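Summary of structural features
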Amino acid sequence: MKYRRLGKTELEVSVVGIGTWQFGGEWGIQFDQKDVDSILDKGQELGINLIDTAECYGDHLSESLIGDYLSRRKREDWIVATKFGHHFHERFTRTDVFGAKEVLEQLDKSLKALRTDYIDVYQFHSGPDAVFDNDELWTVLDKQKQAGKIRHLGTSIGNNDNLHQTDASTKVGSEVIQVVYNRLDRVPEQRVFPSCERQDLGVFARVPLASGYLSGKYKPGAVFDSTDVRHRHDPEATRRKLEEVERIAQTEVPEGVDMAQWALAWCLRHPAVTAVIPGCKNPAQVEANAAAVQL
């Protein structure tokens with residue numbers, strides 16, 4: 001494994017992390033504790049030290065599965081990033097919860113679910129500018145930092161060209177940007193990444209495999225189960241993406257190289273990117289993701 005400095009946080013994170021949206025049951029698979037233990041144990045064996053989760057991957061469900069695991073391992077071995085701002089009701093249904101008082105309640109629920117006294121990176125989760133520009137919210141969060149419940153603040157931008165929230169990072173005390181970035185979506189290169197570099201922000205590249213489309217497993221016309229978030233994607237847009245993936249596989253991926261590993265390494269070649277946080281369904285996928293560092 002290789003490690004990079006997460007911007008001004010000074011945390012040293014593995015360049016490949018473990019994304020955990022799938023643990024909340026919206027990617028066509030239900031995970032139990034044994035599944036999660038095997039995935040995270042494999043990650044640690046391979047030198048991965050970064051877990052990214054959220055309050056709304058299930059109703060703190062992903063956090064609870066991770067927390068059970070952490071309660072039986074060394075908490076200090078892991079850098080845990082989670083998020084705030086949404087309340088999960090049922091599969092694919094959430095409501096926004098960005099008020100300062102409500103976020104404090106979410107923080108306590110996340111700490112309880114994760115069975116930890118502190119969160120390494122606590123991220124504003126894909127909210128609109130109107131709720132981001134709330135001084136009371138950031139003042140309250142700063143007090144939680146002073147109390148030791150949060151080590152660092154971050155912003156997971158919903159629109160991957162959200163320069164407003166990125167540029168305001170230093171002002172509000174946010175030290176990390178999480179953004180969609182992959183070979184099919186290079187928008188952050190134009191404005192967001194230069195802003196991150198100017199401010200010395202850490203960058204988590206989420207959806208680095210473009211929701212799995214860049215794994216090379218799916219062909220145009222692929223159909224996804226109703227429990228898989230991808231069935232909600234526009235079918236025509238998905239078909240075009242998968243056609244583009246076929247073209248990339250033929251013209252850009254070296255012969256004999258696994259496409260998913262290539263796609264992760266492609267993201268990591270950008271100097272602004274600290275780490276990629278792909279999801280994974282089993283230990284074999286963790287191992288495949290980790291191997292991207294060799295490229």
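Further up the page is the structure itself.
Anyway, here's the lowdown on the structure attached to this text. (Residues numbered from 1 in each chain as written. Predicted model: local features only at pLDDT ≥ 70, side-chain atom pairs only at ≥ 80, totals over all residues. Heavy atoms only, no water.)

The strand order across the open sheet formed by eight strands is β3-β4-β5-β8-β9-β10-β11-β12, and the pairing between neighbours is parallel. This sheet does not close on itself; its edge strands, each paired only once, are β3 (18-19) and β12 (275-276). Across the face of the sheet, helix α3 (residues 100-114) comes into contact with β5 (79-84), β8 (119-125) and β9 (150-156) while running at roughly 135° to β8. (Pairing = 2+ DSSP bridges. Helix = DSSP H or I, 4+ residues; strand = E, 2+ residues; numbered from the N terminus. Contact = heavy atoms within 4.5 Å. Axes fitted to C-alpha atoms, helices over the stretch in contact; angles between N-to-C directions.)

A few words now on the pairing of β9. Among the seven residues that make up β9, six are buried, leaving the element largely enclosed by the rest of the structure. Note that β9 and strand β10 (residues 174-180) share four bridges and pair parallel. Along β10, the bridge assignment pairs Thr 155 with Ile 177. (Buried < 20%, exposed > 50% of the residue type's maximum accessible area, 1.4 Å probe, protein only.)

So, on to the side chain of Arg 183. As for its position among the elements, Arg 183 is in the loop between β10 and α8 (192-199). One polar contact links Arg 183 to Glu 252, side chain to side chain, over a distance of 2.6 Å. The contact partners of Arg 183, leaving out residues within four places of it in the chain, are Leu 214, Glu 244, Arg 247, Ile 248, Glu 252, Trp 262 and Trp 266. (Polar contact = N/O pair within 3.5 Å; in protein donor to acceptor, adjacent residues only side chain to side chain.)

Here the focus is unusual backbone geometry. Within the chain, Arg 115 stands out as a residue other than glycine whose phi angle is a positive 55°. Among the secondary structure elements, Arg 115 is positioned in the loop between α3 and β8. The residue Ala 210 is not glycine, and still its phi comes out positive at about 55°. Note on placement: Ala 210 falls in the loop between β11 (202-206) and α9 (235-251). On the accessibility criterion, Ala 210 (7% relative accessible area) is buried.

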